[in-house]
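Each chain, written out:
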Amino acid sequence: MLRLSVSTEEYLMLGDNIKIVFLGGSNHHLRLMIDAPKDVNIVRSTVLEKNNPELKENSPSYYAEPSVPERYRKKRQKK
C-alpha cells in the first residue's frame, strides 16, 4: 500500500495511460479527476460493497488522519 500527500493540481500516473489529478477538497471530501481509457472500469467502493457484502467484511479498514491546525503546518515556499 502506498500512501502519498499531494498538493492541489498535482497528479499521479498509473502506467502510461491513467492520470489521477487531485483537485482539492474540504473537510471530509476530496475531489479527484481520473483520466483513463474507456476500457478501464472505475467503480466506487460503495457500489462494490453493496453488490458483494463479503468484500467489506474481508477488506482492511482505513481511517482518516486528523487534520493539523494551520499554525502547525509547514509553509511551502514558492519557486
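Not measured: the values here are computed from a predicted model.

A. Fine view of the overall build of the chain. Counting its regular elements, the chain contains 2 helices and 3 strands. From first element to last, N terminus to C terminus, the chain shows the α and β order β-β-β-α-α. In the chain, the proportion of contacts linking residues at least 24 apart, taken out of those at least 6 apart, comes to 6%. If you sum the accessible surface of the chain, you get close to 8,400 Å²; carbon and sulfur atoms cover 52% of it.

B. Fine view of the sheet that holds strand β2 (residues 18–26). In spatial order, the strands read β1-β2-β3; together these 3 strands make up an open sheet with antiparallel pairing. Here the strands that pair on one side only, and so sit at the sheet edges, are β1 (11–14) and β3 (29–35). The mean angle between the axes of side-by-side strands here comes to 25°, regardless of whether they run parallel or antiparallel. Pairing of β1 with β2 involves 4 bridges; the strand directions are antiparallel. Residue pairing in the sheet places Leu14 in a bridge with Ile18 of β2.

C. Spatial organisation of the pairing of β2. Hairpin connection from β1 to β2: 3 residues lie between these consecutive antiparallel strands, with Gly15 at a positive phi of about 70°. Relative to β3, β2 is paired through 7 bridges, and the arrangement is antiparallel. Considered in β3, the bridge of Gly24 is made with Arg31. Counting the residues that bridge the hairpin from β2 to β3 gives 2 residues, and of these Asn27 lies at a positive phi of roughly 45°.

D. Geometry of the packing of aromatic side chains. The tally for this structure, following the rule as stated, stands at 0 aromatic pairs. Lys19 extends its terminal NZ or CZ atom over the ring of Tyr11, reaching a point 4.2 Å from the ring centre.

E. Representation of a nonpolar patch on the surface. Where nonpolar side chains cluster on the molecular surface, the patch consists of Leu2, Leu4, Val6 and Leu12 and spans about 350 Å² of accessible area. Mapping Leu4 onto the fold places it in the segment before β1. The exposure class of Leu4 is partly exposed, given its relative accessible area of 48%.

F. Region of interest: unusual backbone geometry. The residue Glu9 is not glycine, and still its phi comes out positive at about 70°. By the secondary structure assignment, Glu9 is in the segment before β1.

G. Summary view of the confidence of the model for the chain. Looking at the chain, the pLDDT average stands at 83 and 87% of residues meet or exceed 70. Across the chain, the element-wise mean pLDDT spans from 79 in helix α2 (residues 53–58) up to 94 in β1.

Parameters at a glance
- Residues numbered from 1 in each chain as written.
- Predicted model: local features only at pLDDT ≥ 70, side-chain atom pairs only at ≥ 80, totals over all residues.
- Heavy atoms only, no water.
- Helix = DSSP H or I, 4+ residues; strand = E, 2+ residues; numbered from the N terminus.
- Contact = heavy atoms within 4.5 Å.
- Areas by Shrake-Rupley, 256 points an atom, 1.4 Å probe, with all protein chains shown as cover.
- Pairing = 2+ DSSP bridges.
- Axes fitted to C-alpha atoms, helices over the stretch in contact; angles between N-to-C directions.
- Phe/Tyr/Trp six-rings, centres within 6.5 Å; stacked < 30°, edge-to-face > 60°.
- Lys NZ or Arg CZ within 6 Å of the ring centre and 35° of its normal.
- Patch = residues over 30% accessible without salt bridge, like charges linked within 9 Å, V, L, I, M, F, W, Y side chains within 5 Å.
- Salt bridge = Lys/Arg side-chain N within 4 Å of Asp/Glu carboxyl O.
- Buried < 20%, exposed > 50% of the residue type's maximum accessible area, 1.4 Å probe, protein only.
- pLDDT = per-residue confidence, 0-100.

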